[in-house]
Amino acid sequence: MMLLELKSIRVQYSEIIALHEVSLHINEGELVAVIGSNGAGKSTMLRAICGINRLSSGEIWFDGKKISSMKAFKTVEMGISHVPEGRRLFPRMTVYENLTLGAWTKRKDTIYIQQQIEKVYHLFPILKERASQKAETLSGGQAQQCAIGRALMCSPRMIMFDEPSLGVQPNIVARIFENIQQINQQGITVLLVEQNVKRALDLADRAYVLQTGNIVLEGTGTELMKSVMVQKAYLGI
Amino acid sequence: MGALYALVASGLSLIQGLMNIINFCHGDLVTISMYTSFLLWSVFKMDPLVSIPVCIIVSTLVGIATHKLIISQVLRSPSSFGQMFSTYGLGILIASTLQFVFTPNYRSVLNPFVEGSISIGAINISKPLLFGAVGALLAYGLCYWFIRRTPEGQALQATEQDIDAAKMMGIDTEKMFLLGWTISGFCVGTAGALLTNFYYIHPYVGETFSNISFVVVTLGGYGSFEGSLIAGLIVGVVETISGYVIGPQYKLIPVYLTYLIVLMFRPRGLMGRR
Ligand SMILES: Nc1ncnc2c1ncn2[C@@H]1O[C@H](COP(=O)(O)OP(=O)(O)O)[C@@H](O)[C@H]1O
Ligand SMILES: [Mg+2]
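Just so we're clear, the structure is a prediction, and the values are computed from it rather than from any experiment.

*Asks:* I'd love a proper account of the sheet that holds strand β9 (residues 206-211) of chain A, names of residues and values included.
*Replies:* Residue and element names in this part refer to chain A. Spatial strand order, β6-β7-β8-β3-β9-β10: six strands in an open sheet with mixed pairing. Each of the sheet's edge strands pairs with one partner strand only, and the pair in question is β6 (80-83) and β10 (214-220). Along the sheet, successive strands turn relative to each other by an average axial angle of 15°, direction set aside. Sheet analysis places strand β3 (residues 31-35) next to β9, joined by four bridges and oriented parallel. By the bridge assignment, Val 32 is partnered in β9 with Arg 206. Where helix α7 (residues 170-185) meets the sheet, its contacts fall on β3, β7 (158-162) and β8 (189-194), and the angle it forms with β8 comes to roughly 155°. Where helix α10 (residues 228-235) meets the sheet, its contacts fall on β3, β9 and β10, and the angle it forms with β9 comes to roughly 60°.

*Asks:* Any chance you could break down the coordination of the magnesium ion (ligand 2) for me, citing the residues and the numbers?
*Replies:* All names here are of chain A. Here the magnesium ion (ligand 2) is held by Ser 43 (OG) and Glu 85 (OE), and the distances to it run 2.0 Å. One end of the pair, Ser 43, is in helix α1 (residues 42-49); the other, Glu 85, is in the loop between β6 and α3 (95-102), and 42 residues separate them in sequence. When its relative accessible area of 19% is taken as the criterion, Ser 43 is described as buried. Given the relative accessible area of 34%, Glu 85 is considered partly exposed.

*Asks:* Go over the interface of chain A and chain B with me, naming the residues and quoting the values.
*Replies:* Taken together, the contacts link 19 residues of chain A with 19 residues of chain B. Approximately 2100 Å² of surface area, both sides summed, lies buried where chain A meets chain B, with 62% of it carried by carbon and sulfur atoms. Summed over the three residues of chain A that lose the most area to chain B, namely Phe 90, Arg 92 and Trp 104 of chain A, the buried surface amounts to 32% of that side. Where chain A touches chain B, the interface holds four salt bridges. One can count five residue pairs in polar contact (both at pLDDT 80 or more) joining chain A with chain B. Elements supplying a minimum of two residues to the side of chain A that touches chain B: α2 (72-78) and α3 of chain A. Each residue belonging to the side of chain A that touches chain B can be placed in one class, and the counts come to ten nonpolar, three polar and six charged.

*Asks:* Give a description of helix α8 (residues 173-196) of chain B that names residues and reports values.
*Replies:* The terminal C-alpha atoms of α8 of chain B lie 34 Å apart, and with 24 residues this matches the ideal 34 Å at 1.5 Å per residue to within 8%. The buried count for α8 of chain B comes to 19 of 24 residues, which makes it a mostly enclosed element.

*Asks:* Residues and numbers for the pairing of β3 of chain A, please.
*Replies:* With five of five residues buried, β3 of chain A is to be regarded as a mostly interior element. Going residue by residue along β3 of chain A, you find Leu 31, Ala 33 and Ile 35 of chain A tucked away on one face and Val 32 and Val 34 of chain A tucked away on the opposite face as well.

*Asks:* Which residues make up the confidence of the model for chain B, and what values go with them?
*Replies:* Per-residue confidence for chain B gives a mean pLDDT of 87; residues scoring 70 or more make up 98%. This prediction of the complex comes with two scores: 0.90 for pTM and 0.94 for ipTM.

*Asks:* How would you explain the site of ligand 1 if you had to name every residue and give the values?
*Replies:* Residue and element names in this part refer to chain A. In the vicinity of ligand 1, the contacting residues are Tyr 13, Ile 16, Ala 18, Ser 37, Asn 38, Gly 39, Ala 40, Gly 41, Lys 42, Ser 43, Thr 44 and Glu 85. Separating an oxygen atom of ligand 1 from a backbone N or O atom of Gly 39 is a distance of 2.7 Å. Here ligand 1 loses 61% of its free accessible area of 550 Å² to cover by the protein chains. Only β2 (16-27) and α1 provide two or more residues apiece to the shell around ligand 1. It is α1 that provides the largest number of residues to the shell around ligand 1, a total of three residues.

Conventions adopted
Residues numbered from 1 in each chain as written. Chains lettered and ligands numbered in written order. Predicted model: local features only at pLDDT ≥ 70, side-chain atom pairs only at ≥ 80, totals over all residues. Heavy atoms only, no water. Pairing = 2+ DSSP bridges. Helix = DSSP H or I, 4+ residues; strand = E, 2+ residues; numbered from the N terminus. Axes fitted to C-alpha atoms, helices over the stretch in contact; angles between N-to-C directions. Contact = heavy atoms within 4.5 Å. Donors = N, O, S within 2.8 Å, 3.2 Å for Na, K, Ca; no water. Buried < 20%, exposed > 50% of the residue type's maximum accessible area, 1.4 Å probe, protein only. Buried area = accessible area lost by both parts, 1.4 Å probe. Salt bridge = Lys/Arg side-chain N within 4 Å of Asp/Glu carboxyl O. Polar contact = N/O pair within 3.5 Å; in protein donor to acceptor, adjacent residues only side chain to side chain. Nonpolar A, V, L, I, M, F, W, Y, C, P; charged D, E, K, R; others polar. Expected span 1.5 Å × (residues − 1). pLDDT = per-residue confidence, 0-100. Near = heavy atom within 4 Å. Areas by Shrake-Rupley, 256 points an atom, 1.4 Å probe, with all protein chains shown as cover.

Okay, here's the thing in structure tokens:
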């Protein structure tokens, strides 16, 4: 079953067109990667899906409903969660407060929030240790774990990861990708955006290549890994 | 007086942090609240204490109108000068409208419910002033509790710290702006009503409060709610002491001196963040 569908979306920043006519789809339960170099429009795409950037044309559908004119907070209520580029934690709030804010859409249910926080602590024990520390004091890897934990707090149907390996110590990167796989195995649909092409393709059921605002290639992870174009442009082979 | 400064400045601090603007008409909302209180007293013989809720509602509504009609419009423009001058202009508009309606005469409320003074040893403390201080501290405490201890307060802080990330949490940030103006209206409305008990009322009285609020917000540390309280109290104490020692007409000089000296050593203010 198709969960998310982009139909020829175009997004621009005043004059600059960041996405030309991007179409893609994700089925329920899939792990789909979008790879592309710096400035290709990956972050813009995710920000358009969650309603922060508006479309100039095209449509976005999620779970059978058109979401492209919804405000950002509505898409979260629909079950779309976002681990943004650079993590974007609330710097002067504690880890615990950041996690709680992740469950804003379910704020009335304090029992649910406590249970969900325990689950996140179970996945990322370091967050429990750092619970009362301000987010701005965390290291890159800890902050990424906190951002992922925060995105899990609302029990989303789909999580979008924007370059989760960026600014994370190399020894933690593998852990982060394992976590993403675990999350997907729990039944949450994943849209992963990466420049770390090899790792992303290893993980993905299917993948798309985004180049200067256009999708130029799509296929399964293994297919793309074998593609001459991907090897030359992104894997340096 | 310090507690009232702290209360007024907390409202300013909140709005400036939340909207990321410099708001020059904050003090004029105090003026509006004072005239509301005055009007209700002169027409309906309502005591300034009784009319506090009305003052809060009026300042909140004026704040929200300012937000909807002016600030949300200028926020779309990339020019920060535009933002600065629009609130400055609105301040002038409010003051001159009040001058037109109420004349530039100094007004005050006669025979309020709370008046006179109590003496402790050699010191005479005016009751309305004492009452104002206690009321302002209570109002400040209520705001503080709301912002730091409730989920809505957390969401408000989140919006202030990173608006896009707040949207990604599912927070309706437009509602948070309105909530911010409501809290600011609560601070300013309460302060105005408490001031009416003992302070003169004049169309341009808000300018004093705007200026002092800027001093308090910067002294306390931009965006720090706790800093506003401490700095507000410091400014109040310095002002009172210098009023006694060197005379009321010069009382603001030591205030600004303190401000300059503190900023020389702590450019980010007392509780400012990196
Ligand atoms: N806020 C912005 N204002 C103007 N242009 C932007 C903005 N954000 C991104 N862009 C431009 O849009 C294009 C795509 O950017 P982005 O989506 O961040 O790419 P990626 O995430 O793939 O690195 C780039 O050319 C970038 O310069
Ligand atoms: Mg990006």
